[in-house]
Amino acid sequence: MQEIELKFLVPELRLKGLMRQAKVKSSQVTQMAAHYYDTPDQQLAQAGIGLRIRLEGNTWVQTIKAGGDGIAARLEHNSTLDNEQVQAMLDNNDLMPDLSIYKDTAIAPALADFKLKKLAKKLTRLYVTDVERTTRLLIEAGSNEIDVSDNSIEVAYDHGEIIHGGDDTQRDAIQEIEFEFVSGDLDFLFATAKTWCKRYKLCLSTVTKAERGGLLIKGQHHSPAISANLSELNINKDSSMPAFLRAVVHNCLLQILPNSSAIVGGSTYHEHVLQLYIGICRLRTALSAFASFSDEVNPDWLLIIKQTATLLSDYYDLSYLATHIEPMLQEHGAPMVDWTADVEAIKITPIDAVSANDFQLTLLELIAFTMSDPSLEPQADKIALDHLTKILSKQQAKFLKTEERLNDVINAKPDSDSLDSTRSDSTSADSKNIGLKNNDKYQAQQQLHYQLNNLRYIGELAAPLYGKKKTKRWLKRVVKAQKSLGKQVDMTYYQQCYQHKALTDLNALYGVGWFAAILKDDSKRLQKQLDRIEGCATFW
């Protein structure tokens, strides 16, 4: 059986209003005590599998969950246990799950990499949860007052805590709401979730209770940041245009959602912000390049994700400078420069940007898009591969034209710096906070980096349709140049930050000279890498 649900964190300020909707006359309140199992080194968690035995009201149920077909879908197998047997095992403190029940079931493929008898011997109870669940069934009204449609979902609000299996003083609070598809049309699930999301400012979270329990065991608050994983891009040479775009958006969301979930959950780690930003940039490139592949693409998606990327980059660039670049310079003997006031001047933090209602609603619409049926679209009979050559060639031409423009700027006679209050669209950062002076060369580098990013992302997403062997050499050169150019753009940005800071703090002059030296050393190497792209045969 496949479970389809959407999970949200509930902001404290909206809790009372939400509970008035959750606790109605028809709702049910159930106390649930769950025991979660894994090997001591959490082999099941690493495979994306959760295994528990839970008391649901008066019934003990053994449940296993694994990855499903979509972003909001998970495989689930439930087995009702004998209460007397469970109680006997509890009395002897030896309650353990029975893995033999999964043989020849739909969940069996998820356990194919494990030898079940050997796995059973290694299992241990790592943590428990104590949760009060309030549930109500929502049914969409039919065309008249008598009939009702079969569109229904279950709303479940969970409040409680996760408790360390070996130390009950270590606990983590649970306060979340889930919308689970029961029957009918998936559109009702997403429409309802959007309504509640608007009303109560809910934030999507992909972090399961099993994942949170695993983090509690490790003494961690958040899972590591997730980077792009192109091996999970499920497309082939016969993919239709609508199916291709859905698979691409799905792959981008696999990077975006875990990182955005960590941020709304309280993470301030730079890597979460960076990987979320990269995921959004990949998505933005895909929606722009492949917009014609589907009639269901909402133009507003691009506007909202661009705005979110800008806000994330604003904060990340300056915050990273203050927390990583400045300490690095001090280690090399630089006098201290205080960036506290500059960082605090940025009013919108990553959690503000990610929890914004427009962004959360856009994520919901994107998830719904990936789970909709591509065969219902007019372009369903058109093969994506037939249209990719033109897109790749167009992006390659943009890159080469922008590179030519950069070379013209470099070879031109130097002009005086011109004041520009914003950084280019390639980095999406607003420099009004520190009043940078950007010269023509820097702006041209930014534009080239933007085009090179797009060329890389489009090439990587199209590569599975052309074959790994054919695309490997070209992609390797593009990625290498993209990283080098990105480093140079970043170094120039840092240099200009210190240059502006030097107007009020002479200690910043050390940073100006440091980055000037690095940029001089890297320029020739970068140009060779850019030339190698131009000289490399394309794969399309």
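These numbers were taken from a predicted model, which means no experiment stands behind them.

Criteria and thresholds
- Residues numbered from 1 in each chain as written.
- Predicted model: local features only at pLDDT ≥ 70, side-chain atom pairs only at ≥ 80, totals over all residues.
- Heavy atoms only, no water.
- Helix = DSSP H or I, 4+ residues; strand = E, 2+ residues; numbered from the N terminus.
- Rg over C-alpha atoms; globule rule 2.2 N^0.38 Å.
- Buried < 20%, exposed > 50% of the residue type's maximum accessible area, 1.4 Å probe, protein only.
- Contact = heavy atoms within 4.5 Å.
- Areas by Shrake-Rupley, 256 points an atom, 1.4 Å probe, with all protein chains shown as cover.
- Lys, Arg positive; Asp, Glu negative; His and termini not counted.
- Charge placed at Lys NZ, Arg CZ, Asp CG, Glu CD.
- Polar contact = N/O pair within 3.5 Å; in protein donor to acceptor, adjacent residues only side chain to side chain.
- Core = buried A, V, L, I, M, F, W, Y, C linked by side-chain atoms within 4.5 Å.

Chemist: With reference to specific residues and values, describe the overall build of the chain.
Modeler: Check the secondary structure of the chain and you find 16 helices and eleven strands. For 540 residues, the compact-globule estimate of 2.2 N^0.38 gives 24 Å, and the chain sits close to it at 26 Å. With respect to the three principal axes, the spread of C-alpha positions in the chain is 85 × 60 × 55 Å. For the chain, the residues scored as buried account for 48% of the 540 residues in total. When contacts within the chain are restricted to residue pairs at least 6 apart in sequence, long-range pairs at least 24 apart make up 74% of them. By element, 50% of the accessible surface of the chain is carried by carbon and sulfur atoms, the whole surface being about 26,500 Å². Each charge sign in the chain was given a centre, from 61 positive and 69 negative side chains, and these centres are 7 Å apart.

Chemist: With reference to specific residues and values, describe the side chain of Glu-178.
Modeler: Relative to the assigned elements, Glu-178 resides in strand β8 (residues 171-183). Of the polar contacts made by the side chain of Glu-178, one reaches the side chain of Lys-209; its length is 3.5 Å. Not counting residues within four places of it along the chain, the set of residues in contact with Glu-178 comprises Glu-5, Leu-6, Lys-7, Arg-133, Glu-154, Val-155, Ala-156, Asp-158 and Lys-209.

Chemist: Please give an account of the nonpolar core that cites residues and values.
Modeler: Formed by 115 residues in total, the largest nonpolar core has its most connected members in Phe-8, Ile-177, Leu-202, Phe-290 and Tyr-498. Setting aside residues up to four positions removed in sequence, Phe-290 forms contacts with Phe-244, Leu-245, Leu-388, Ile-391, Ile-458 and Leu-461. Of all hydrophobic cores here, the second largest spans 17 residues; its members include Leu-44, Leu-95, Tyr-102 and Leu-111.

Chemist: Tell me about the environment of Pro-224, and name the residues and values.
Modeler: Structurally, Pro-224 is set in the loop between α6 (209-218) and α7 (241-264). In the structure, Pro-224 is positioned 35 residues away from Asn-259 in sequence and 8.6 Å away in space, judged by C-alpha atoms.

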